[in-house]
Amino acid sequence: MSSQWNSGIHDRKLKEEICEIGRRVYNKGFAAANDGNISIRVGENEVLCSPTMICKGFMNPEDICAVDLDGNQIAGTRKRTSEILLHLSIMKERPDVKAVVHCHPPHATAFAVAREPIPQCVLPEVEVFMGEVPMAPYETPGGQKFADTVLPFLKGGTNTIILTGHGTVSFGKSLEDAYWKTEILDAYCKILLLSKQLGRINYFTENETRELLDLKQKLGFDDPRFHVEDCDLCGNSAFREGYTEGLPQQKAFEPAPSYPGYLQKPSTQPAAAPAGGNSDQLIKAITDQVMSALGQ
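As the structure is a prediction and not an experimental result, all values here were calculated from the model.

1. Some words on the overall build of the protein
And step 1. Helices and strands together make up the secondary structure of the protein, namely eight helices and eight strands.
And step 2. Counting only residues that meet the buried cut, the protein has 51% of its 296 residues in that class.
And step 3. Nonlocal contacts in the protein, meaning residues at least 24 apart in sequence, comprise 69% of its contacts between residues at least 6 apart.
And step 4. Of the roughly 13600 Å² of accessible surface on the protein, a fraction of 51% belongs to carbon and sulfur atoms.

2. With respect to the pattern of salt bridges
And step 1. What the rule picks out here adds up to 16 salt bridges.
And step 2. Here D63 ties to R78 by a salt bridge, and the two come within 3.1 Å at their closest N and O atoms. Taken together, the positions of D63 in the loop between β2 (47-49) and β3 (65-67) and R78 in the loop between β4 (73-75) and α2 (84-93) put the pair 15 residues apart, joining distant regions of the chain.
And step 3. Judged by relative accessible area, D63 falls into the buried class, the value being 13%.
And step 4. When its relative accessible area of 33% is taken as the criterion, R78 is described as partly exposed.
And step 5. Note that R94 and D96 form a salt bridge whose closest N and O atoms lie 2.8 Å from each other.
And step 6. Linked by salt bridges that have partners in common, E20, R23, R24 and E176 make up one network.

3. Some details on the side chain of T160
And step 1. Within the element layout of this structure, T160 appears in strand β7 (residues 160-163).
And step 2. A relative accessible area of 2% means that T160 is categorised as buried.
And step 3. One polar contact links T160 to N159, side chain to side chain, over a distance of 2.9 Å.
And step 4. The contacts of T160, once residues within four sequence positions are left out, are M130, V133, P134, V169, S170, F171, K181 and L185.

4. Re the environment of D96
And step 1. By secondary structure assignment, the location of D96 is in the loop between α2 and β5 (99-103).
And step 2. Taking the relative accessible area as the measure of exposure, D96 reaches 44% and is therefore partly exposed.
And step 3. Expressed as a C-alpha distance, the spacing of D96 and G156, which sit 60 residues apart in the sequence, is 9.6 Å.
And step 4. Among the polar contacts listed, one links the side chain of D96 to the side chain of R94, at a separation of 2.8 Å.

5. Observations regarding the sheet that holds β3
And step 1. Sheet architecture is open: eight strands sit in the order β4-β3-β2-β1-β5-β8-β7-β6, paired in mixed fashion. Two strands bound the open sheet, and with one partner strand each, they are β4 and β6 (135-136).
And step 2. Sheet topology places β3 next to β4; two bridges connect them, and they run antiparallel. The residue of β4 that forms the bridge with V67 is Q73.
And step 3. Sitting on the sheet, helix α1 (residues 12-27) touches β1 (37-41), β2 and β5, and the angle it makes with β1 is about 150°.

What counts and how
- Residues numbered from 1 in each chain as written.
- Predicted model: local features only at pLDDT ≥ 70, side-chain atom pairs only at ≥ 80, totals over all residues.
- Heavy atoms only, no water.
- Helix = DSSP H or I, 4+ residues; strand = E, 2+ residues; numbered from the N terminus.
- Buried < 20%, exposed > 50% of the residue type's maximum accessible area, 1.4 Å probe, protein only.
- Contact = heavy atoms within 4.5 Å.
- Areas by Shrake-Rupley, 256 points an atom, 1.4 Å probe, with all protein chains shown as cover.
- Salt bridge = Lys/Arg side-chain N within 4 Å of Asp/Glu carboxyl O.
- Polar contact = N/O pair within 3.5 Å; in protein donor to acceptor, adjacent residues only side chain to side chain.
- Pairing = 2+ DSSP bridges.
- Axes fitted to C-alpha atoms, helices over the stretch in contact; angles between N-to-C directions.

This is the structure we're talking about:
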């Protein structure tokens, strides 16, 4: 077994890590009772995953089972979750993805139930760590048809998807990386809802948004806006071709202002910022936070 896959389906350390992520998901209130599921790829055709009908906050390494990329169970005394098909669809479409976390974080799931798109260009951390969060159409959970709802939204740079009427799925290079995306998204959705209670949200200017995307690119993070020529800078439009049922329309929040895409010429020249001004401070603060999260 290649070292990139650790010790394969018998890797106890990875099973313990699945249990640890399960505890975080449960303790955060992201998965009530037996909700949610967690997986990590451990071979060319092997994936460790949480079993069905178990509380994610109380799993033990012995509970973890294994499947192949077609969903056939190949190890474990407990039955694998039916929703592993969702995880496998993501892994097969995106070879860079090694881990997937699906759960029902309440603030983000509120957007899923209301079918309200997640606004962009509001919070620096979200622009750097996440970017646009698309909304997959509703299907009854558990089958392949449900798993395939995410396929149109997996282009480079995506790391989190809202599952309409259901919850969220986030993914990345490690279990902790995938989990972080869920935590960031739910915190952001909570901030949006609280801001709405205060009256409104305020969007970044075009120049402020471009500065954050410049920083994101410099730090080596991907984003669909780096690849789609004609998507609006913060108009939730990078995935427009995936929405066969029509783009989700904002109802609870004012639409973001219309700016040319990141690959297009800016509509205005950025004003010169004074040395040590707000723009410099913002970039430094986000850079420090990102580097700290990366452990550098």
